[in-house]
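# Chain and residue survey
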Amino acid sequence: MNDKNIVLFDGWLATLGGGERQVLSAASALRELGSVRVVSHCPLPRSAVVDWAGIDLQGVGFRFMPERPQLTGRDVAGDADLFINGTHLSLVDGRGLPSIRFVYFSARRSSTAWRILGSALRGIGRGLGAAHERDGWFGTEAHKGALFRQSDGDGRIGVRDGTRIRFWLSAMSHEDRTYAIATKSGEPLAEGTAGAKGDFAPSPWVDVPAGCRELAIRSAASGGTNRWEGRQLGLGLGSIEERGALLRGFYQRATRRLIPKLAYCAGDDHAARYVDALRSYDAVTPNSHFTASWLQSRWSVTGPVIEPPVIADDRQEVAGPRPLIVSIGRFFVGGHNKKHIAMVRAFRMLCDRGLVGWRLALVGGVGQRPVDANYLRRVEAEACGLPIDVYPNADETTVRELRAHAAIAWHAAGYGESERRAPERFEHFGMAVAELMMSGAVPVVFDGGGLREIVEPGRSGFRWRTLDELVAATLTLIRNGRRRAEMSEAARQRAERWSLANYQRRIVELAHDVMARHQRASTAG
């Protein structure tokens with residue numbers, strides 16, 4: 001059984017977050033079954049991955065391939081004996097391969113009205129034979145109010161013969177703005193120059209030849225302009241115009257120019273592609289019961305819950321706790337924002353009640369968008385004058401030192417949010433909290449999401465719903481050193497449930513089971 005070819009896919013490996021640690025931990029464990037490769041979209045030095053992971057990755061190979069639309073598991077893994085997809089919200093399927101899908105949280109379902117409208121528009125457009133995007137196009141994006149879809153350099157357009165057609169194109173990502181329009185068989189029809197970034201210029205009018213059902217818009221393609229961009233990007237398509245059939249022309253004007261959001265609505269049914277990809281895997285493994293409940297509720301998909309590993313860092317020096325509260329979480333806007341400002345205000349309340357000698361450390365990476373940088377500045381301004389240290393983009397050495405010295409761990413994701421309406425804004429598991437618990441910090445966390453599965457109130461930590469409750473629980477720990485020491489040990493023992501060894505044992509067992517079931521099915525077929 002140790003001769004298997006195993007491929008793990010994590011398109012966002014370069015972010016080096018909790019999901020990436022889970023994928024790398026699985027890769028390390030599966031070496032006992034054969035050769036293991038990790039495939040990602042963004043190039044990253046192997047040394048950077050190994051140093052960050054803190055686990056044995058000897059012999060694990062790494063390969064990088066650009067992200068493309070309609071990518072399949074076969075494209076990523078070839079004829080692998082086992083394919084594991086650990087990419088968040090991935091549309092890559094697992095068909096034809098023994099396959100496992102890690103789920104960190106479920107994609108949101110669009111509203112019923114939006115789904116009905118999209119389905120109706122797609123039906124009308126196909127019925128009329130209106131030109132539309134096929135393969136080679138990424139999802140809809142916005143730039144200065146304009147909606148567009150970018151190609152991978154070979155964007156395909158479904159057409160009807162007898163139509164005159166032109167496209168509004170922009171070179172959104174690179175300097176080469178030239179392109180060629182051809183039939184599916186390669187017959188050249190037109191050439192042109194797209195507009196510069198954000199300036200969509202019309203192509204020449206093209207007469208669709210008899211029998212032609214698909215055109216190709218071919219252009220240069222290159223990687224994106226930031227380190228997180230793993231796509232190969234060609235031209236951006238802003239609009240389509242048709243002549244030769246009155247109703248088709250009206251449909252394009254209405255959906256592409258008068259109300260562009262209709263084109264977005266009528267585009268790919270992202271939800272259908274997502275659930276179709278999910279159901280193509282032999283096993284789907286949510287990272288918590290909280291995630292599993294929403295996966296079941298939204299998509300009727302279920303699978304064994306395998307929590308991510310909490311890794312005890314052997315490089316962390318032995319150190320006793322200090323009068324230090326630590327919160328680890330990225331600084332960014334939207335999603336499951338970590339609510340740093342709420343924590344700063346709670347710490348101010350502690351200081352107003354006479355707390356002295358203690359400090360709060362807020363540590364985490366910073367999102368790449370301007371709004372994320374602005375958010376960080378707001379946090380720093382709110383913390384000004386208080387014994388609070390903010391560590392944006394801290395290196396691993398700093399993070400390890402803070403964990404080693406933390407007496408109390410805070411976490412506030414989900415505070416002020418509705419779990420029913422926006423479960424994405426809650427912590428889906430809470431690996432940062434579990435890692436602090438492994439180091440002996442007593443967690444005081446918001447009572448919601450996956451954090452409920454980690455912290456046992458009154459035993460291994462406290463959970464809170466209001467800032468007053470956060471302050472009260474923290475004061476209880478600060479004023480009672482004996483109880484804090486008891487809960488510290490309980491927190492450490494609790495975190496052992498998610499040890500690396502336990503995680504890797506469960507992953508290997510699941511891998512054996514999936515490959516055996518796939519083999520039985522192939523034999524029976």
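Fair warning: this is a prediction, and the values are worked out from it, not measured in the lab.

Cut-offs and rules
- Residues numbered from 1 in each chain as written.
- Predicted model: local features only at pLDDT ≥ 70, side-chain atom pairs only at ≥ 80, totals over all residues.
- Heavy atoms only, no water.
- Helix = DSSP H or I, 4+ residues; strand = E, 2+ residues; numbered from the N terminus.
- Rg over C-alpha atoms; globule rule 2.2 N^0.38 Å.
- Buried < 20%, exposed > 50% of the residue type's maximum accessible area, 1.4 Å probe, protein only.
- Contact = heavy atoms within 4.5 Å.
- Areas by Shrake-Rupley, 256 points an atom, 1.4 Å probe, with all protein chains shown as cover.
- Lys, Arg positive; Asp, Glu negative; His and termini not counted.
- Charge placed at Lys NZ, Arg CZ, Asp CG, Glu CD.
- Pairing = 2+ DSSP bridges.
- Salt bridge = Lys/Arg side-chain N within 4 Å of Asp/Glu carboxyl O.

### Overview of the overall build of the chain
- Along the backbone of the chain there are 16 helices and 25 strands.
- Taking 24 Å as the expected radius of gyration for a compact globule of 525 residues, we find that the chain reaches 26 Å, a close match to that expectation.
- Structurally, the chain occupies a C-alpha span of about 85 × 60 × 40 Å along its principal axes.
- Per-residue burial over the chain gives 54% buried out of 525 residues.
- Expressed as a percentage of contacts within the chain between residues at least 6 apart in sequence, the contacts between residues at least 24 apart total 73%.
- With an accessible surface of roughly 22,600 Å², the chain has 50% of that area assigned to carbon and sulfur atoms.
- Charge-centre separation for the chain: the mean point of 70 positive side chains lies 5 Å from the mean point of 58 negative side chains.

### Remarks on the sheet that holds strand S12 (residues 188-193)
- If you trace the 5 strands from one edge of the open sheet to the other, you get S6-S9-S15-S11-S12, paired in antiparallel fashion. Every interior strand has two partners, whereas the edge strands, strand S6 (132-133) and S12, have only one.
- Direction of pairing for strand S11 (residues 178-183) relative to S12: antiparallel, over a ladder of 5 bridges. Bridge pairing in S12 places Ile-181 opposite Ala-190.

### A few points about the environment of Gly-73
- Locating Gly-73 in the fold gives a position in helix H3 (residues 73-77).
- For Gly-73, a relative accessible area of 0% gives the class buried.
- Expressed as a C-alpha distance, the spacing of Gly-73 and Asn-85, which sit 12 residues apart in the sequence, is 8.3 Å.
- Excluding residues that lie within four positions of it along the chain, Gly-73 makes contacts with Gly-78, Phe-83, Val-92, Asp-93 and Leu-97.

### Description of the pattern of salt bridges
- Counted by the stated rule, this structure contains 33 salt bridges.
- Residues Arg-506 and Glu-307 are paired through a salt bridge, measuring 3.3 Å at the closest nitrogen-oxygen approach. Of this pair, Arg-506 sits in helix H16 (residues 500-524) while Glu-307 sits in the loop between helix H8 (289-299) and strand S20 (324-328), and the two are 199 residues apart along the sequence.
- For Glu-307, a relative accessible area of 14% corresponds to the buried category.
- Three or more residues joined by partner-sharing salt bridges are found here, namely Arg-134, Asp-154, Arg-156, Glu-214 and Arg-218.

In short, shape yes, function no, at least from these values alone.
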